[in-house]
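Structural description and commentary
So the chains spell out like this:
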Amino acid sequence: MTDIKRLFDFPYYQLKHKPNSSALVTKYNGKWTPMSTQEYVDKANAISRALLKLGIQKNDKIALICSTNRTEWNIMDIGILQTGAQNIPIYPTICAEDYEYVLNHSESIYCFVSDAEVLEKVRKVQKNTQLKDVYSFDHIEGCKHYSELFELGEDKNNQPDVEARKDAVKPEDLATIIYTSGTTGKPKGVMLSHWNITSNALDSGDRVPLPPAGETRILSFLPICHIFERVLIYVYQYSGTSIYFAEALDKIGDNAKEIHPNLMSVVPRLLEKVFDKIILKGEELTGIKKALFFWAVGLGEKWEPYGANGAWYEFKLKIANKLIFSKWRDALGGKLTTMVSGSAALQPRLARIFGAAGMKVMEGYGLTETSPVVSVGMYNDSYYKVGTVGKPIANVEVKIAEDGELLIKGPNVMMGYYKDPEKTASVMTGDYFHTGDKGMIDDDGFLKITGRKKEMFKTSGGKYVIPPLLENDMKQSMFIEQIMVVGEGEKMPAALIQLNFEFVRDWIELKGHNIGSSEAEISGSEIVIKRIQKEIDKYNTNFGKWEQIKRFELTPDVWSIDEGHLTPTMKMKRSIIRKKYDVLYEKIYRP
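This is a predicted model, so every value here is computed, not measured.

Cut-off values and rules
Residues numbered from 1 in each chain as written. Predicted model: local features only at pLDDT ≥ 70, side-chain atom pairs only at ≥ 80, totals over all residues. Heavy atoms only, no water. Helix = DSSP H or I, 4+ residues; strand = E, 2+ residues; numbered from the N terminus. Rg over C-alpha atoms; globule rule 2.2 N^0.38 Å. Buried < 20%, exposed > 50% of the residue type's maximum accessible area, 1.4 Å probe, protein only. Contact = heavy atoms within 4.5 Å. Areas by Shrake-Rupley, 256 points an atom, 1.4 Å probe, with all protein chains shown as cover. Lys, Arg positive; Asp, Glu negative; His and termini not counted. Charge placed at Lys NZ, Arg CZ, Asp CG, Glu CD. Disulfide = S-S within 2.5 Å. Salt bridge = Lys/Arg side-chain N within 4 Å of Asp/Glu carboxyl O. Polar contact = N/O pair within 3.5 Å; in protein donor to acceptor, adjacent residues only side chain to side chain. Pairing = 2+ DSSP bridges. Axes fitted to C-alpha atoms, helices over the stretch in contact; angles between N-to-C directions. Phe/Tyr/Trp six-rings, centres within 6.5 Å; stacked < 30°, edge-to-face > 60°. Patch = residues over 30% accessible without salt bridge, like charges linked within 9 Å, V, L, I, M, F, W, Y side chains within 5 Å.

What follows covers the overall build of the protein chain. When you go through the protein chain residue by residue, the secondary structure sums to 21 helices and 27 strands. The globule rule puts the C-alpha radius of gyration for 591 residues at 25 Å, and the 25 Å found for the protein chain is close to it. Reported as C-alpha extents along the three principal axes, the dimensions of the protein chain are approximately 75 × 55 × 50 Å. For the protein chain, with 591 residues in total, the buried portion stands at 57%. Put simply, of all contacts in the protein chain between residues at least 6 apart along the chain, 66% involve residues at least 24 apart. Of the roughly 25,200 Å² of accessible surface on the protein chain, a fraction of 52% belongs to carbon and sulfur atoms. Distance between charge centres in the protein chain, computed from 77 positive and 77 negative side chains, equals 4 Å.

This is the structure:
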């Protein structure tokens, strides 16, 4: 472990201790194409040699924009970092204007893109930036291909210069600037050093349950431009696993069946969608098959870890696993035992059902500013409890402030916000970072997140409401895709709701209702509104009278990243959603 101090040390550690013939695997033209650890290191060095020939200096900035995770991103990452330059990952789904802002704010001088769609957005703003050139991973007419750098770096005469640059990079040096999508305003550039991320990968690696022997396969599909997936990639490299990069979000099921992954990282929204599809298939069954299916789901909802429900429950669970849950596992490759979940709160119900099905979900907590892992569950050694985000990892201290806010101290805490010392100072008290999240640590040392400070509001009657708690509970409804609780300064809490249109259309057909199929027709139907009221009434019983949803309005469209409702990590942009549906908001409170 002492061999690793900087991010580019990870592949060299793997090469020395756990060389892998399938270290990085991407699908090209319908065929999974592996790259060995040796080739990975060799190509990264060729990139470094080429970058030096292009005149890259220490602390220059190079942007990477990739629609899907792929081998090329990782080669560029190491190749850039070895020169003492910084990798600036950019979310592919943001608009061209945001590309322009990030490229200019970071002062990026080169940009590498994955495909024609991303290139088109870069080309729109390129003349307004400091970019000297753009390269692509796909072959695109009119754009330089990144393989030109391998040709430029083929001559190894300047490899000693690369080694000198590597030696000059210190653990405390800046490695990357990650622009947080943010739910309001312009993105902030979070500066993370080599040691911020390296220490976090090493300290959280012990929590990743990798099989003890044989080839371990990881399916990677969460955006690598986000620190959550990126730090896991370094963890996987350290462990010597084979990392397979999924073709796209809608291909995850197909890819899982092809490669049989042992582990993958997820976000709660993805698990919700997977579960919804499973339930829809269950609804299509008839007779005894349908009865058995929903018996198994009901059993899963009562699951407790470590056999806490007793021998009779475990006996019934074995039957459910053989008859029902085994088919769920087969749909994801048959060997998936663990999923690591981050970015948002996970419904405890889903944690229980997937846990019962033999695919345990280890929920974690962190922020970009903490590189990111603060805590994460682990099934071994009783480090797992449903409804919590596990226990803090080694060398990371969690302190609860008087107002309940979580404060974090450790080697993973960021260097600061790029070009914004005032904003940096506003979130730091000494060595402690103010997360903006509220939480508690129970008697067993498990961390539980209770909400965001900024999201908690007070009604005109002086009662506090914590929207995420209500939202997370109500999203258990098959009818509800997204829900945002509102009511700050108003007489009562209310909600703006986006229906799960796919499920609702199936429900309409099943019931034989005469309702149109468009989103606007469905959300405006009195029949649908009355059915949603039943769902709201059901989940309201879990909360005090002052925090129950008294009224709601259904939005006539799908909330999406492209339309600005959601961040690239699927978090709601509350202020934007509130503004978009101002008419509905006013209808609730001032009809």
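Turning our eyes to something else, we now look at the state of the cysteines. Tallied over the entire structure, the rule returns 0 disulfides. Cysteine C111 is unpaired, with the sulfur of C143 as its nearest cysteine sulfur at 9.0 Å. Residue C143 is classed as buried on the basis of its relative accessible area, which comes to 12%.

Quick look at the side chain of D60 now. Positionally, D60 belongs in the loop between α2 (37-53) and β3 (61-65). Comment: no salt bridge for buried D60; closest opposite-charge side chain is K132, at 6.1 Å. Of note is the side chain of D60, whose polar atom sits 2.7 Å from the backbone nitrogen of Q57. Not counting chain neighbours up to four residues away, the residues in contact with D60 comprise G55, A85, Q86 and I109.

Bringing the sheet that holds strand β25 (residues 480-486) into the picture now. Here 3 strands make up an open sheet; going across it, the order is β25-β26-β27 and the pairing mixed. Two strands close off the open sheet at either side, each with one partner strand: β25 and β27 (551-554). Averaged over all neighbouring strand pairs, the angle between strand axes comes to 25 degrees, with direction disregarded. Inspection of the sheet shows strand β26 (residues 494-499) paired to β27 by 4 bridges, in the parallel sense. Counterpart to L496 in the pairing with β27 is E553. Sitting on the sheet, helix α21 (residues 582-589) touches β25, β26 and β27, and the angle it makes with β27 is about 155 degrees.

Looking now at the side chain of K391. Position of K391 relative to the elements: it lies in strand β16 (residues 391-392). Lacking a salt bridge, the buried K391 has D444 as its closest oppositely charged neighbour, with an N-O distance of 6.8 Å. Those residues in contact with K391 that sit more than four places away from it in its chain are R207, S375, V376, S382, Y383, D444, G445 and F446.

For the rest of this paragraph, the subject is the packing of aromatic side chains. All chains considered together, the criterion is met by 21 aromatic pairs. Judged by centre distance (6.3 Å) and plane angle (45 degrees), the ring pair of W303 and Y384 falls under tilted. One end of the pair, W303, is in the loop between α12 (287-301) and α13 (311-331); the other, Y384, is in the loop between β15 (373-376) and β16, with 81 residues separating them in the sequence. Note on accessibility: W303 and Y384 belong to one class, buried.

Moving on: the pattern of salt bridges. According to the stated counting rule, one finds 29 salt bridges in the structure shown. Note that R269 is salt-bridged to E481, the shortest N-O span being 2.8 Å. Here E481 lies in strand β25 and R269 lies in helix α11 (residues 268-283), a separation of 212 residues in the sequence. Residue class for R269 comes out buried when judged on its relative accessible area of 8%. Residue E481 is classed as buried on the basis of its relative accessible area of 10%.

The subject of this paragraph is a negative patch on the surface. Together, E117, E120, D562 and E563 line one region of the surface with negative charge. Mapped onto the fold, E563 is located in the loop between β27 and α20 (574-580). By relative accessible area, which is 51% here, E563 ends up exposed.

A word on the sheet that holds β15. The mixed open sheet is built from 9 strands, whose spatial order is β2-β1-β11-β10-β12-β13-β14-β15-β16. One side of each edge strand has no neighbouring strand; the edge strands of this open sheet are β2 (31-35) and β16. With 2 bridges joining them, strand β10 (residues 217-220) and strand β12 (residues 263-266) adopt parallel strand pairing. By the bridge assignment, L219 is partnered in β12 with M264. In the packing of helix α10 (residues 252-259) onto the sheet, the strands contacted are β1 (24-28), β2, β10 and β11 (242-245), and the crossing angle to β10 comes to about 165 degrees.

Relative to the helices and strands, Y418 resides in the loop between β19 (416-417) and α15 (421-426). The exposure class assigned to Y418 is buried, which follows from its relative accessible area of 14%. C-alpha separation for the pair Y418 and T450, spaced 32 residues apart in sequence, amounts to 29 Å. Not counting the four nearest positions on each side in its chain, Y418 is found in contact with K61, H105, S106, E107, I177, Y179, G189 and M191.

What follows covers a nonpolar patch on the surface. Where nonpolar side chains cluster on the molecular surface, the patch consists of I288, L292, W295, W312, F315, I319 and L323 and spans about 690 Å² of accessible area. Every element with two or more residues in the nonpolar patch is listed here: α12 and α13. Counting through the fold element by element, F315 comes out in helix α13. The partly exposed category is assigned to F315, whose relative accessible area is 44%.

Here the focus is unusual backbone geometry. A cis amide bond links S371 to the next residue, P372, at an omega of -10 degrees. With respect to the helices and strands, P372 occurs in the loop between β14 (360-366) and β15. Even without being a glycine, E107 presents a positive backbone phi close to 60 degrees. When you line up the elements, E107 lands in the loop between α4 (96-106) and β5 (108-113). Here Y306, not a glycine, exhibits a phi torsion of approximately 60 degrees, which is positive. By the element assignment, Y306 lies in the loop between α12 and α13. By relative accessible area, which is 36% here, Y306 ends up partly exposed.

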